[in-house]
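# Coordinate analysis (summary)
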Amino acid sequence: MDFDDDAPPDLVGADGTPAAESEEKPVKVPITIVTGYLGAGKTTLLNYILTAEHGKKIAVIMNEFGDSLDIEKSLTVNKNGESVEEWLEVGNGCICCSVKDTGVNAIEQLMEKKGKFDYILLETTGLADPGNIAPMFWMDEGLGSTIYLDGIVTLVDAKNILRSLDDPAGKVQQQDDDEGQGDSHSHSHDDHGPVMTTAHVQISHADVIIINKSDLVTEQELQAVKARIGSINGLARILVTTQSAVPQLEGFLLDLHAYDRVQELDRPGLGHSHIDKTISTISIPLPHLSEEQQASLDGWLRSVLWENVLPGHTPAEGSPDHEVHRLKGRFFTKDGQEKLIQGVREIFDIFDSPSQPQREPPAAMGKIVLIGRHLDDKSFTKSLGDALGTLDGIGSQ
Ligand SMILES: Nc1nc2c(ncn2[C@@H]2O[C@H](COP(=O)(O)OP(=O)(O)OP(=O)(O)O)[C@@H](O)[C@H]2O)c(=O)[nH]1
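Each chain has its residues counted from 1, running along the sequence as written. Given that this is a predicted model, residues contribute local features only at a pLDDT of at least 70 and side-chain atom pairs are listed and counted only at 80 or more, while totals for whole chains, interfaces and linings are drawn from all residues. To obtain the side-chain values, all non-hydrogen atoms of the structure were used and water was disregarded.

Moving on: the overall build of the chain. To qualify as a helix, a DSSP run of H or I must reach at least 4 residues; to qualify as a strand, a run of E must reach at least 2; elements of each kind are numbered from the N terminus. A count of helices and strands for the chain gives nine helices and 13 strands. Burial analysis of the chain (397 residues in total) assigns 54% to the buried set. Contacts are assigned to residue pairs that have any heavy atoms within 4.5 Å of one another. Residue pairs at least 24 apart in sequence account for 74% of intrachain contacts in the chain once pairs closer than 6 positions are excluded. Under the scheme applied here, a residue whose accessible area is under 20% of the maximum for its type counts as buried, over 50% as exposed, and between as partly exposed, the area being computed with a 1.4 Å probe on protein chains only.

What follows is the structure, encoded as structure tokens:
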């Protein structure tokens, strides 16, 4: 079976040129990054999707051939339970580590040849840091990509995750400063404080966390796993499974809209748990903002994310830099418009919410939530309050 016949008219023009060059604007294809420690159940999950009857044309890119130096990547397209293997030319390196354009281009070229997919699932290796991969798919409208990042799903093994989080052997490798400079694809993790493992960064960047292998733990152990994960990442949706059997694909693997919606900000108690000593979630309330204050918020985020400087805060001698992995926010302007904030690592965007409020929203609904390392709620709240000139009106939530 080949999918050539399915090529939609909006992706390839009548003369064979890509739609970007023809008049019609192509519909963007969502990509979900599936990550998880070795043996957590990623292959089980992807095989489950490849054999399920869902009527969707889903491309699954698996990392079965190792980390790097693959010049082609296996991609299996499934439709109505029938699978076809394709090859992705990703140049000199794995799709996860290759330069930004290579991975995206390889997928786009395949879709030009084979027709558009409904969804793409990209499995990363067990040791991958999703924060290095997400920015290459979270692209500007202006760049004209036909793919958009729908979200990151992390699988954890209920039996072993607590051990993995505490295991110094799983520590994220620090990169040379020179290597990281000016390149959003790499990021240097500092070496201070409690160990930050690959399990931590896979959890901190996740939009959905699947706690798999629940058959291997007691209810009490499961609660301890949930509490620890929730303290690292207070925003992610948590799901418990055995054999990676998610109850439905939508909302758990597909149609996540993790980068264009922020409904999880309304979850009670967000950012209150600090069980994990390495990474935490903090929540800072935002009042209704004037134009000037919106510019100040933008400047504050640039300083915090780009320069690693918390404005107005003098760090104690020898104290480590903060590190933000993921952020989401929402605020209302003084004239009643709703704005959303999204960020991953040093990239962020402030944009109009697709759903505008009908009535004056309560000020308490405005907040910004950050997930990362060495984030101290009090100093962050004070710094932002100072930057916005609302110190009296901004308190810890
Ligand atoms: N007991 C139990 N075993 C499971 C469950 N889910 C998967 N397994 C088994 O765990 C093993 C690892 O599962 P995989 O799906 O290969 O895990 P993976 O994340 O792809 O692992 P890597 O390829 O090493 O990264 C396999 O033998 C699965 O059959 C589960 O819920 N319970």
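Put simply, two rings from Phe, Tyr or Trp (the six-membered ring, in Trp's case) pair if the centres are within 6.5 Å, and we call them stacked under 30 degrees between planes, edge-to-face over 60, tilted for the rest. A complete count under the given rule lists two aromatic pairs for this structure. Plain terms: the ring middles of Trp300 and Phe380 are 6.2 Å apart, the flat faces sit at 90° to each other, and that makes the pair edge-to-face. One end of the pair, Trp300, is in helix H8 (residues 291–306); the other, Phe380, is in helix H9 (residues 377–388), with 80 residues separating them in the sequence. For the pair formed by Trp300 and Phe380, the shared burial category is buried. Aromatic pair Trp306 and Phe348: ring centres 6.2 Å apart, planes at 50°, arrangement tilted. In this pair, Trp306 sits in helix H8 while Phe348 sits in strand E12 (residues 347–352), placing the two residues 42 residues apart along the sequence. The buried category is assigned to Phe348, whose relative accessible area is 14%. Over the ring of Phe252 we find Arg237, and its NZ or CZ is 5.3 Å from the ring centre. Only lysine NZ and arginine CZ atoms are considered, and such an atom sits over a ring when it is within 6 Å of the ring centre and within 35 degrees of the ring normal.

We call a residue near a molecule or strand whenever a single non-hydrogen atom of that residue lies within 4 Å of it. Residues in contact with the ligand amount to 14 residues; listed here are only the nearest, Gly39, Lys42, Thr43, Thr44 and Gln243. By the criterion applied in these results, polar contacts are pairs of N or O atoms within 3.5 Å in which, for protein atoms, one can donate a hydrogen and the other can accept it, and in which residues neighboring in sequence qualify only through two side-chain atoms. Gly41 has a polar backbone atom sitting 2.9 Å from an oxygen atom of the ligand. Within the contact set of the ligand, an oxygen atom lies 2.8 Å away from a backbone nitrogen or oxygen of Lys42. Each accessible area is a Shrake-Rupley estimate made with a 1.4 Å probe; only the visible protein chains count as cover when residues are assessed. Compared with its free state, where it exposes 650 Å², the ligand has 65% of that area covered by protein. Top element by residues in the shell around the ligand is helix H1 (residues 42–51). It accounts for three residues. Tallied by class, the residues present in the shell around the ligand amount to four nonpolar, seven polar and three charged. Charged means Asp, Glu, Lys or Arg here, nonpolar means Ala, Val, Leu, Ile, Met, Phe, Trp, Tyr, Cys or Pro, and polar covers whatever is left, Gly included.

With that settled, consider the pattern of salt bridges. We define a salt bridge as a side-chain nitrogen of Lys or Arg found within 4 Å of a carboxyl oxygen belonging to Asp or Glu. Evaluation of the coordinates by the stated rule reveals 10 salt bridges. For Arg228, the salt bridge is made with Asp166, and the minimal N-O distance between the two is 2.9 Å. A residue pair is termed long-range when its members are at least 10 positions apart, and Arg228 in helix H7 (residues 219–232) and Asp166 in helix H4 (residues 161–166) qualify at 62 residues. A salt bridge links Asp298 to Arg302; the nearest nitrogen and oxygen atoms lie 2.7 Å apart. You can see Asp298 and its partner Arg302 sitting in helix H8, four residues apart, about one turn around the helix. Bridged by salt links that share partners, the residues Asp166, Arg228 and Asp276 form one connected network.

We now examine the sheet that holds strand E13 (residues 367–373). Strands are labelled as partners when DSSP assigns at least two bridges between them. Taken together, five strands build an open sheet; the order of strands is E9-E13-E10-E11-E12 and the sheet is antiparallel. Both outer strands of the open sheet, strand E9 (279–285) and E12, are each paired with one neighbouring strand and no more. With direction set aside, neighbouring strand axes in the sheet form an average angle of 10°. The convention used is that axes are lines fitted to C-alpha atoms, helices contributing only their stretch in contact, and that angles between N-to-C directions extend from 0 to 180 degrees. Packed on one face of the sheet, H7 meets E9 and E13 and runs near 55° to E9. Along the sheet, H8 contacts E9, strand E10 (323–332), strand E11 (338–344), E12 and E13; its crossing angle with E12, the most-contacted strand, is approximately 160°.

Attention now goes to the nonpolar core. In plain words, nonpolar cores are sets of buried Ala, Val, Leu, Ile, Met, Phe, Trp, Tyr and Cys residues tied together by side-chain atoms within 4.5 Å. If you look at the biggest cluster of nonpolar residues, it comprises 44 residues, and the most contacted ones within it are Ile120, Phe137 and Leu253. Taken together, the elements giving at least two residues each to this core come down to strand E1 (29–36), H1, strand E2 (58–61), helix H2 (100–114), strand E5 (119–123), helix H3 (130–137), strand E6 (147–157) and strand E7 (208–212).

We now examine the pairing of strand E8 (residues 237–240). In terms of strand pairing, E7 meets E8 through four bridges, oriented parallel. Its bridge partner being in E8, Ile211 is matched across the sheet by Val240. You can see the chain leave E7, run along H7 and come back into E8, and the turn it takes is right-handed. We call a crossover right-handed when, viewed with both strands directed away from the observer, the connection leading from the first strand over the helix to the second proceeds clockwise.

Turning our eyes to something else, we now look at the packing of H8 against H9. Helix-helix packing is characterised by the crossing angle of the two axes and by the distance between the axes. Orientation of H8 relative to H9, taken along the N-to-C sense of each, is 140°, at an axis distance of 8 Å. The angle between H8 and H9 falls in the class oblique. The hand of the H8/H9 crossing is right-handed. Contacts between H8 and H9 involve Gln293, Ser296, Leu297, Trp300 and Val304 on the former and, on the latter, Phe380, Ser383, Leu384, Ala387 and Leu388. The class makeup of the residues in the contact of H8 with H9 is seven nonpolar, three polar and no charged. Oblique is the label for every angle not falling under 35 degrees (roughly parallel), over 145 degrees (roughly antiparallel), or within 65 to 115 degrees (roughly perpendicular). By the definition used in this description, the sense in which the near helix is turned from the far one sets the handedness, with an anticlockwise turn below a right angle giving left-handed and a clockwise turn giving right-handed.

As a further point, take the environment of Trp300. Assessed through its relative accessible area of 1%, Trp300 is described here as buried. For Trp300, the contacting residues outside a window of four places in its chain are Ile284, Leu310, Pro311, Phe380, Ser383, Leu384 and Ala387.

This part takes up unusual backbone geometry. In this structure, Arg345 takes a positive phi of about 50° despite not being glycine. The topology assignment puts Arg345 in the loop between E11 and E12. Residue classification places Arg345 among the buried residues on the basis of a relative accessible area of 2%. In the Ramachandran plot, His374 falls in the positive-phi region, its phi being about 55° despite a non-glycine side chain. The class for His374 is partly exposed, based on a relative accessible area of 26%.

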